Structure formats: C-alpha cells, structure tokens
Amino acid sequence: MYRKPRGSSSQSILNLDSLMDILSCLVGVMLFLVIYTVLELGSTSFQVTVPVPLDPPVGSRRVLVLANGGTVRVLDPGRPIRDLSTGIDQVPLDAMPEFVRQVNLSAPTDAYFRYTLDYDVEMASVAGRDRAFEITVDEIPGEPGEMLQELDPDSRYVSLLGGLEPTDVWIEFGVDERTLDAFRRARDLAEQRGFATRWGPLSLDFPVSFSLTDEAQGPGPRSTLSKR
Amino acid sequence: MARLSDDDEEGISLFPMFNILACTLGVMVFILATVATVSLGADKAIEIVEAPIELPDSTEMTLEDAARGAAERRSPVWIEWDGLALTIYPSMESVGFDRDLRSFDSWEETYAYISERLTGTRLGASIAQVGLENELRYVVLLVRPSGFANMLEVRSYFEFLGIAVAHEPINQQWQRVRVN
C-alpha cells in the first residue's frame, strides 16, 4: 500500500527564508547607520579661529568688556572717573567727605554700571590724599548685558563699540568659564570693526572697587605685578 | 482511524516571531542611540585654526603692518594648559604639575619649578626647540577654564624664554581637539 511520505513538522512550519530576508534588511540598515555615524562624528562640529595678537595702537587706552555670567557688558570707567574727580583738587581736606557725599548724589552711570566715589579719611592721613580715593562700580539692576544670541550687528554692544575709535582704544575681554561662546562672538564683532583685542580670565563680584590712582583705570585680569 | 487534526496545526510555533520582534527592537534601540549621539554632537572634533592676517600692498605698508607680516611668518605650536598639565598637540606629550603655580611667591621660583618639571621630557625638549626658533615659531596656549586661575604663570614662563605667546580659551568639555 502506498503511504504518502510525511515530511517532518519542522520543515513544514519553519521556513527560514522570510526570516533571513528580514535579518538581511536589518543588518543592512545597521551597517548604514554605523557608516553614517562614523562619518558624522569624524567631521568637526565647528572651528575656533585664534587671532594672532597684535600690539594695541600707541597711546591708546584700555576698555574692558566683561564677559561674565553668560552675558557681555562694556565697562569703560574713563568718563565716570573724569566726572567724579573733576574739581577734586580744589576741595580742602576737611571738606572732602561732604564733597564726596554731594558728588555721589548724582553718581554717573553708563549702560550697565553705576560709579561712586569713596574717600577714606584715615588713609588720607597715612598714605596721602591721592591714595584715599576709590571708585566703586556696581551693577545697575535690570541691565544684565547681552547673551550670545543677542550679539549681532544691531546689538547694544555693537552700538557702544560704535562710540569708540579703534585708534584711541583697545579692548580687553575679561572672561569667565560660562561665557566663552559669547566672548568669541563679541571678539569677532570688535575685530571686524578694527579694534585690537586681548582677553584674560576674570570673574567679578560686584560691587568692585579700585584706586583712583590705578593706572589701568579699572578692574582687569591678573597681571605680572601680582608676584614679585 | 481517521485523524481530524492536520499536521500543520499541531506545530504552530511563535519562536520565529519572537526572534523577529527581538531583532527589530534591538535595531530600534540602536537607531535611537545613534540618532541621539549624532544630534547631541557628542565626541565631535573641534578644529582650531590660526586666523589669517590680511596685509595691504607693500607700498601702503605701515610699521604696524610690517609687525603683522613678521607675525604671519611665524608658525604656531599648540600647547594646552588645563591647570594641572601642559600637553603639546598633536603628539599629545604631556607634563603634569603637582603644585599650584600660584603658590610660589616670586616669578623666579615659579619659573624654576616649571623648568624642573619640563627638564628631561619630550615636551620640554619641544619647548626648548621653539625657544631656539623664536623668529619662526610661536606658542598658542589653549587654556581650559580649569587652568584660568594660573594661566598667567604658564604664559609668563614662555615669555621668560623669549617665546611669543598667544592664548585662547577652549571649553572644558571639548575632548577631541584638532589643530591646524
């Protein structure tokens, strides 16, 4: 009697052809992704350009641009110092505290900071009148400066630079670790306008005081004078 | 006796389906990880290049332009400072400093300590070579924020050796830095 041959059950239900097709397709997709990722990661995310440092113009003065806390602010105490110290030489020593109080009633401000004059009577008697004066700089509330996204040719920062002449001033950036990207952008904008620039690490906690006789005219990064 | 059930029915197995499902899930997780990595830009290289100097015609050249020209002829040597070690690119030879450079009272002591650490190392030899060729080469100091506080000491040391120095901050999280 003829008996129909029975194939094994595994042969009838487990055909691997379709599984192989799917596996090949998935392996192909994974290979594509691996190649794409390798190519993508091998590329650079962006370029940093290091400008060759050049000497500032002869006779030019320094203007500090503070790149701190994620924002950029111009700190130029030149005009406020002139305003605060005008006529100071004509004031008698005993009238100086009252003179300073009167001057500070209309303390000069700029875009971001308020400047006041301090007078130390004891210091005046010990070290002389000139060393007794200090300028104190404090932030104006609600004027935090401009962030990276706001730094464009129409920004306040650029308009403030527009009031300065590249032949008269050079710009020193005081930079903290949170503001590197904004600093690079601000430096590019300054260099496009012809300013000589420098930078140094600086993190200021306001209010900040400096001597009226300070030749650097304001706060700045550490200098070689910090050691003997 | 006749059998009612078919052979095919008795052997339905879900194993191939589970295999496919597991495989598909694995691929989806892989795709997700890839997309996340690429979109976050993790481990991307940062390229640092020297800015070109634009000079006017020789007939209109000023003293300042001549200084620019002299600067342009120099080629940069890239050295990283992270507050604890100096590393030269691209060979990545490094020398560590176990004392805070600010702790020295005088510049003389600071320079003596840095020289002592560099002496006998390949990095020290490279820096000495730059000092000998200071008309042709200058140092670009790439400073991590962790090295901000004592950057002045390192910078002054190069200047003490007669080497012109430019310095540039680089972000702390940048791991793959390429110089050009």
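From a predicted model like this one, the values you see are computed outputs, not experimental measurements.

## Details of the overall build of chain B
Here comes step 1: The secondary structure content of chain B amounts to six helices and seven strands.
Here comes step 2: The proportion of buried residues among the 180 residues of chain B is 20%.
Here comes step 3: The long-range fraction of contacts in chain B, counting pairs at least 24 apart against all pairs at least 6 apart in sequence, stands at 70%.

## Side note on the overall build of chain A
Here comes step 1: Broken down by element type, chain A carries seven helices and eight strands.
Here comes step 2: Here chain A holds 228 residues, and the buried ones make up 24% of them.
Here comes step 3: Contacts in chain A between residues at least 24 apart in sequence constitute 74% of all its contacts with a sequence separation of at least 6.

## Focus: the domain arrangement of chain A
Interface size is commonly expressed as the accessible surface area that is lost when the partners come together.
Here comes step 1: Examined at the domain level, chain A breaks down into domain 1 (17–42) and domain 2 (61–221).
Here comes step 2: Computed over C-alpha atoms, the centres of domain 1 of chain A and domain 2 of chain A are 59 Å apart.

## Looking at the nonpolar core
Here comes step 1: By size, the foremost hydrophobic cluster in this structure holds 35 residues, and its most contacted members are Val65(A), Ala67(A), Val72(A), Ile171(A), Phe173(A), Phe183(A) and Ala186(A).
Here comes step 2: Where this core is concerned, the elements lending two or more residues are strand S2 (61–68), strand S3 (71–75), helix H3 (78–85), strand S4 (113–119), strand S5 (133–139), helix H6 (156–162), strand S6 (169–175) and helix H7 (180–192) of chain A.
Here comes step 3: When residues no more than four places from it in sequence are discounted, the contact partners of Val72(A) are Val65(A), Ala67(A), Gly145(A), Glu146(A), Leu151(A), Tyr157(A), Ala182(A) and Ala186(A).
Here comes step 4: Of all hydrophobic cores here, the second largest spans 26 residues; its members include Ile88(B), Val130(B), Tyr138(B) and Val140(B).

## Examining the confidence of the model for chain A
Here comes step 1: Here chain A averages 83 in pLDDT, and 88% of its residues register 70 or above.
Here comes step 2: Taken element by element, the predicted model of chain A shows its lowest mean pLDDT in helix H1 (residues 9–13) of chain A (54) and its highest in S3(A) (94).

## Some points on unusual backbone geometry
Here comes step 1: Following Phe206(A), the chain continues to Pro207(A) via a peptide bond in cis, the omega torsion being 0°.
Here comes step 2: Relative to the elements of secondary structure, Pro207(A) occurs in the loop between strand S7 (197–201) and strand S8 (208–211).
Here comes step 3: Following Tyr89(B), the chain continues into Pro90(B) via a peptide bond in cis, with omega recorded as -5°.
Here comes step 4: If you check the backbone angles, Met92(B) has positive phi at about 60° while not being a glycine.
Here comes step 5: With respect to the helices and strands, the residue Met92(B) is situated in the loop between strand S3 (85–88) and strand S4 (93–96).

## Considering the sheet that holds S8(A)
Residues and elements named next belong to chain A.
Here comes step 1: The sheet built from three strands is open, its strands ordered S4-S5-S8 with antiparallel pairing. Every other strand in the sheet has two partners, leaving S4 and S8 as the edge strands with one partner each. Geometrically, the sheet is characterised by an average inter-axis angle of 25° between neighbouring strands, direction not taken into account.
Here comes step 2: As defined by bridge partners, S4 adjoins S5 across seven bridges and the pair is classed as antiparallel. Paired with Tyr-119 across the strands is Phe-133, a residue of S5.

## Points about H3(A)
Residue and element names in this part refer to chain A.
Here comes step 1: Those residues of H3 not exposed but buried are Pro-80, Ile-81 and Leu-84. When H3 is viewed along its axis, its buried side chains cluster within an angular range of 100° and face the same direction. Of the exposed residues in H3, the ones pointing more than 90 degrees away from its buried face are Arg-79 and Arg-82.
Here comes step 2: Where H3 is buried, its residues meet helix H4 (96–105), S4 and S5.
Here comes step 3: Remark: Gly-87 follows H3 within two positions and exhibits a positive phi of approximately 80°.

## Regarding the sheet that holds S4(B)
In any sheet, the strands associate via hydrogen bonds between backbone groups, in a parallel or an antiparallel arrangement.
Residue and element names in this part refer to chain B.
Here comes step 1: Spatially, S4-S3-S2-S5-S6 is the arrangement adopted by the five strands of the open sheet, whose pairing is mixed. Each edge of the open sheet is held by one strand with a lone partner, namely S4 and strand S6 (165–169). Across the sheet, the mean angle from the axis of one strand to that of its neighbour is 25°, orientation sign disregarded.
Here comes step 2: Alignment of strand S5 (residues 137–143) against S6, held across five bridges, turns out to be parallel. Bridge pairing links Val-143 to Pro-169 in S6.

Basis of the calculations
Residues numbered from 1 in each chain as written. Chains lettered and ligands numbered in written order. Predicted model: local features only at pLDDT ≥ 70, side-chain atom pairs only at ≥ 80, totals over all residues. Helix = DSSP H or I, 4+ residues; strand = E, 2+ residues; numbered from the N terminus. Buried ≥ 20, exposed ≤ 12 C-beta atoms within 10 Å, placed from the backbone. Contact = placed C-beta atoms within 7 Å. Domains from an automatic or database assignment. Core = buried A, V, L, I, M, F, W, Y, C linked by C-beta atoms within 7 Å. pLDDT = per-residue confidence, 0-100. Pairing = 2+ DSSP bridges. Axes fitted to C-alpha atoms, helices over the stretch in contact; angles between N-to-C directions. Arc of directions from axis to C-beta.

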